[in-house]
Amino acid sequence: MLAIRTENLTKDFRVGFWRPRPYRALDRLNLEVAQGETFGFLGPNGAGKTTTLKLLLQLIFPTSGSAEILGKPVGDVGVKRRIGYLPESPYFYDYLTAEELLTYFADLLGYGGRERTERVSALLDEVGIAGERRMQLRKFSKGMLQRVGIAQALLNEPEVVFLDEPMSGLDPLGRREVRNLILSLRDRGCTVFFSSHVLSDAEALCNRVAIMAGGRLVASGRIADLQAFQAHGWELVVGSLTADSLERHRARVRRVTPLGHDRYSLELPLEPAPELLLRDLIAAGAHLVSLNPMRETLEDFFVKKVGEQPGSRFVDDSPAKAS
Amino acid sequence: MRVIRAIAISVFKESVRDKVLYNLVFFAVFLIGVSYLLSQLTAGQDVKIIKDLGLAAMSLFGLFIAVFIGIGLVSKEVEKRSIYALLAKPITRQQFVVGKYCGLVFTLLVNLAIMAVAYYAVLGAVAWIAGAWFRPQWGAPALDPALLKAIAMIFLQLAMVTALALFFSTFSSPMLSAALTFGLYAVGHFNADLKNFDAVVDSKPVVFVAQALYYLLPNLAPLDIKNEVVHGVPVATGYLMLNTAYALVYIAVLVSSATFIFMRRDFK
Amino acid sequence: MTSRRQVVKFVAALVVLLVLVVTVQVARERAYAFNPIEEDVLYVRSGEVMKRASLSYDAVMADVYWIRALQHFGRERQKEPADRHFDLLYPLLDLTTTLDPLFTVGYRFGAIFLAEPKPGGAGRPDQAVELLRKGIASDRAKWDYYQDIGFIYYWHLHDYERAAEWFRRGGDVPGAPWWLRTYAAVMLTRGGDRQASRSMWIQIGQTEDEWLRSTSETRLAQLDALDQIDTLERIVAEFTKRTGRRPQSWRDMGDAGLIRGVPLDPSRMPYQLDPETGEIGVRRESPLWPLPTEPAAAPELTNAAPPVPK
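Residues numbered from 1 in each chain as written. Chains lettered and ligands numbered in written order. Predicted model: local features only at pLDDT ≥ 70, side-chain atom pairs only at ≥ 80, totals over all residues.

**Remarks on the overall build of chain C**
The secondary structure content of chain C amounts to 12 helices and two strands. Moving toward the C terminus, one meets the helices and strands of chain C in the order α-α-α-α-α-α-α-α-α-α-α-α-β-β. Within chain C, the fraction of its 310 residues that count as buried is 35%. Excluding contacts between residues fewer than 6 apart, the proportion of contacts in chain C whose partners are at least 24 apart in sequence is 51%. (Helix = DSSP H or I, 4+ residues; strand = E, 2+ residues; numbered from the N terminus. Buried ≥ 20, exposed ≤ 12 C-beta atoms within 10 Å, placed from the backbone. Contact = placed C-beta atoms within 7 Å.)

Given below as structure tokens:
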């Protein structure tokens with residue numbers, strides 16, 4: 001059984017006041033996420049990521065197509081007992097304290113009595129706000145609210161967790177914590193589905209990713225498999241390189257970047273093997289600092305794919321208008 | 001049920017923390033102040049006037065609470081987006097709407113109960129100072145238990161107004177909801193004119209429409225028994241029962257409509 | 001500037017400005033005298049309109065108009081007798097009773113003080129009857145209103161037939177007291193006399209309403225005064241018979257051995273004797289002044305035969 005599955009999931013919005021025109025926010029999405037995967041759902045702003053998430057949580061209804069979570073249609077109340085959701089920039093009731101909010105949600109999830117109290121305490125500890133449990137949420141900073149959001153998403157030890165832009169607005173410490181959290185969820189066997197427009201996060205965390213642009217799925221698969229992630233060159237950093245040696249071997253190098261103090265970063269083509277040039281440079285008196293393959297980054301790939309999208313997403317605009 | 005109760009309690013908590021119950025302080029101060037000033041002014045009618053004012057204040061304060069909290073019951077959650085996390089929990093949208101409604105009605109009930117206690121206390125004090133629990137010119141004793149009937153009917157009216165506010169809250173902005181709710185509240189008191197339209201206008205279709213409106217719009221005037229109770233005119237239990245039935249049915253219509261609308265909404 | 005100094009400056013400025021606010025208003029009122037409208041102004045006279053506008057708060061609005069009616073009445077009573085108009089009394093009481101048709105005291109107050117001739121009241125028994133008829137239309141079980149109408153026809157309008165009619169109808173109301181039918185009969189046979197009046201006023205005075213009770217006490221004292229005047233007039237006639245002239249003062253009568261001391265009215269004020277006409281009356285300063293015109297004493301009826309019962 002797949003954790004998440006969508007079939008031709010489509011959403012049109014009506015845009016405009018006098019004569020609303022349908023605007024396609026999501027176009028025939030077909031997606032599969034296996035249980036236990038950490039899945040990165042990537043794309044620029046406006047690509048349809050949040051729309052997809054809302055469709056999966058039945059906050060909005062599809063125009064056509066369908067979606068399932070853990071084998072049941074989206075919106076099934078029983079399934080909601082087994083999932084967790086962290087909305088983007090969450091807002092909770094600011095007149096409640098952190099503890100009260102979690103207790104309220106735990107109540108709705110069906111926990112009572114002692115089990116409820118214990119769970120709430122455990123989660124407050126896990127996300128690190130046990131000290132502020134009695135503080136009203138209106139006084140919480142953005143980072144703390146994000147933690148509360150994570151806590152409420154995990155109250156029921158969910159099998160599938162949906163995180164919408166979990167790193168947004170966090171400082172580096174906060175981002176590190178969220179990252180560790182996702183990793184620990186992965187270790188527990190939880191399926192993590194998170195959306196982001198920050199690609200380095202995905203690179204570090206995900207098994208598989210999907211890239212959205214213009215409401216369409218433009219690529220999906222293991223990061224390593226995505227075609228462009230092959231190396232296309234080498235980066236060789238050497239020190240103690242004299243200007244003479246550099247000039248002599250210049251032709252074998254695509255680009256030179258001086259780093260100061262006779263240290264240079266040299267960009268080499270894939271072939272011939274870089275060891276050859278390295279041997280020659282060392283013979284001339286330089287020493288090795290580092291040698292790394294250069295891959296097209298996710299970012300390059302991303303920018304390329306996004307650039308390929310047609311201009312208008314209004315359904316009734318003829319294809320001829322697309323640029 | 002547990003879900004509805006949990007949501008209702010959260011509404012009550014929010015009202016309390018929004019300091020809604022402070023209106024009780026104004027109520028008590030107002031009633032005490034007025035009864036102090038009135039004793040000289042009214043040729044023996046002070047108890048009647050205090051009864052009238054107390055009931056009117058209960059009705060008016062309750063109305064404001066019902067409308068101003070009611071219009072935000074649903075729309076505030078949607079606007080602030082706290083509803084996202086909430087609907088991801090194992091609850092249905094129906095439970096959400098019903099829970100919110102019950103929460104506000106419960107708040108109004110608590111509010112009215114406390115007001116009733118203050119009300120009887122003031123009446124008791126006035127009667128004690130006047131040295132009599134009943135005088136013929138008052139029409140009814142100062143501490144008349146029949147006043148509770150009037151208060152019960154006020155509660156039903158407020159429950160209906162809350163249902164109206166909730167209904168509008170599911171699809172329109174707070175400003176518009178407030179205007180529509182107050183408007184229907186006012187109309188609900190001159191319904192009788194619609195019923196007697198045939199005395200004013202000759203055209204049959206117009207009369208038909210007017211009478212249809214009379215029956216379909218919220219008819220709040222029959223629930224107003226304040227005058228009868230203050231003058232000691234007995235009110236039949238059967239009448240009260242029918243009023244209650246009407247209110248419950250009307251509320252059911254409004255709440256189920258609100259639920260229906262809410263169930264199909266996209267939350268952008 | 002430290003924040004403390006800022007606070008002090010602000011408070012000082014505030015005080016100065018407030019003093020200015022008051023001063024300017026005082027100066028304005030001195031220069032352009034603000035004449036409060038002497039008359040109470042009634043913007044809305046229609047009870048029906050007010051009832052709709054009040055939504056369900058009509059009982060409270062009725063109370064407001066009742067208080068205004070009392071204040072209007074009180075203010076008029078404080079003026080010189082010649083200036084008293086009571087113009088707004090009927091509209092205010094009408095509004096009160098339209099907003100709250102069960103407001104008994106409104107009708108009864110109108111019954112007494114609308115019918116009461118100037119300067120004690122508005123002198124409009126027709127308005128009083130109008131008001132009471134409205135009361136009956138809203139509550140047929142209130143025999144008091146019938147009694148009040150009957151009394152107005154008897155005491156103020158001297159219309160015995162109608163008075164009898166209204167007393168009889170009142171007597172027909174279930175729960176009405178026995179004496180209403182008696183009054184009906186009395187109206188028809190004796191055209192009313194002081195004894196009947198006295199007993200009616202005693203009935204009216206059986207009430208907890210302070211203002212009604214004191215009105216009835218005053219009336220009864222006035223009736224006593226009329227009795228006493230009758231007696232004194234007989235004594236004056238005796239004096240004239242004995243001496244052949246009118247008495248010039250109470251002293252004269254005292255000297256003639258007919259009375260002992262100056263006769264006092266029920267409020268302990270001396271009666272006055274007019275030397276020219278020989279008429280006896282209460283002094284102007286007496287609280288019993290002016291004495292009421294009794295129905296049977298109305299000149300146009302003295303020679304009429306008693307009306308035949310229908």
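**A short note on helix α4 (residues 89-99) of chain C**
Residue and element names in this part refer to chain C. Burial analysis of α4 places 10 of its 11 residues in the buried class, the great majority of the element. For α4, the set of buried residues is Leu89, Pro91, Leu92, Leu93, Asp94, Leu95, Thr96, Thr97, Thr98 and Leu99. Contacts made by the buried residues of α4 are with α2 (47-53), α3 (58-78), α5 (104-115) and α6 (125-138).

**Some thoughts on the domain arrangement of chain C**
For chain C, the domain assignment lists domain 1 (37-139) and domain 2 (217-294). For domain 1 of chain C and domain 2 of chain C, the distance between their C-alpha centroids amounts to 38 Å. (Domains from an automatic or database assignment.)

**Some thoughts on the interface of chain A and chain B**
Note: interface size is frequently given as the accessible area lost on complex formation between the parts. Opposite the 20 residues of chain A that make contact, chain B presents 18 residues. Top contributing element to the side of chain A that touches chain B by residue count: helix α3 (residues 98-109) of chain A, with five residues. Looking at the side of chain A that touches chain B residue by residue, the classes come out as 16 nonpolar, one polar and three charged. (Nonpolar A, V, L, I, M, F, W, Y, C, P; charged D, E, K, R; others polar.)

**Points about the sheet that holds strand β8 (residues 191-196) of chain A**
Residues and elements named next belong to chain A. A sheet is described by the order of its strands in space; here six strands give the open sequence β6-β7-β8-β3-β9-β10, paired in mixed fashion. In the strand order of this sheet, the two ends are held by β6 (83-86) and β10 (216-222), each with one partner. Along the sheet, successive strands turn relative to each other by an average axial angle of 15 degrees, direction set aside. Pairing geometry for strand β3 (residues 38-42) and β8, over five bridges, is parallel. Among the inter-strand pairings, Gly40 is bridged to a residue of β8, identified as Phe194. The sheet contacts of helix α1 (residues 49-56) involve β3, β7 (160-164), β8 and β9 (208-213), and relative to β7 the element is tilted by about 145 degrees. Packed on one face of the sheet, helix α6 (residues 172-188) meets β3, β7 and β8 and runs near 150 degrees to β8. (Pairing = 2+ DSSP bridges. Axes fitted to C-alpha atoms, helices over the stretch in contact; angles between N-to-C directions.)

**Thoughts on α6(A)**
All names here are of chain A. In a regular helix each residue adds 1.5 Å, so 17 residues correspond to 24 Å; α6 covers 24 Å between its end C-alpha atoms and thus fits that length. What α6 keeps buried is the set Val178, Ile182 and Leu185. Mapping the buried residues of α6 onto a view down its axis gives an arc of 60 degrees, with all of them on the same face. Seen from the open side of α6, the exposed residues pointing more than 90 degrees away from its buried face are Pro172, Leu173, Arg176, Asn180, Ser184 and Asp187. If you follow the buried residues of α6, they end up packed against β3, β7, β8 and α7 (199-205). Of the residues flanking the end of α6, it is Gly189, one or two places downstream, whose phi is positive at about 90 degrees. (Expected span 1.5 Å × (residues − 1). Arc of directions from axis to C-beta.)

**Some thoughts on the pairing of β10(A)**
All names here are of chain A. Note: β9 against β10, six bridges, orientation antiparallel. Along β10, the bridge assignment pairs Ala213 with Arg216. Turn length for the β9-β10 hairpin, with the two strands adjacent in sequence and antiparallel, is two residues, and the turn residue Gly214 shows positive phi of about 60 degrees.

**So, the sheet that holds strand β14 (residues 287-295) of chain A**
Residues and elements named next belong to chain A. Judged by pairing direction, the sheet is antiparallel, and its four strands sit side by side in the order β12-β13-β11-β14 without closing on themselves. Two strands lie at the open edges of the sheet, namely β12 (255-260) and β14, each paired on one side alone. Direction aside, neighbouring strands of the sheet carry axes that sit 20 degrees apart on average. Direction of pairing for β12 relative to strand β13 (residues 263-269): antiparallel, over a ladder of five bridges. Note on β13: the bridge partner recorded for Gly260 is Arg263. The sheet contacts of helix α9 (residues 274-283) involve β11 (231-239), β13 and β14, and relative to β14 the element is tilted by about 160 degrees.

**A short note on the packing of α3(A) against helix α1 (residues 2-17) of chain B**
It is the contact of α3(A) with α1(B), at a shortest axis distance of 9 Å, that shows an interaxial angle of 160 degrees. Classified by the angle between their axes, α3(A) and α1(B) sit roughly antiparallel to one another. As for the relative orientation of α3(A) and α1(B), their crossing is left-handed in sense. Between α3(A) and α1(B), the residues in contact are A:Tyr104, A:Asp107 and A:Leu108 and B:Val3, B:Ala6 and B:Ser10, respectively. (Parallel < 35°, antiparallel > 145°, perpendicular 65-115°, else oblique. Left-handed = near helix turned anticlockwise from the far one by under 90°.)

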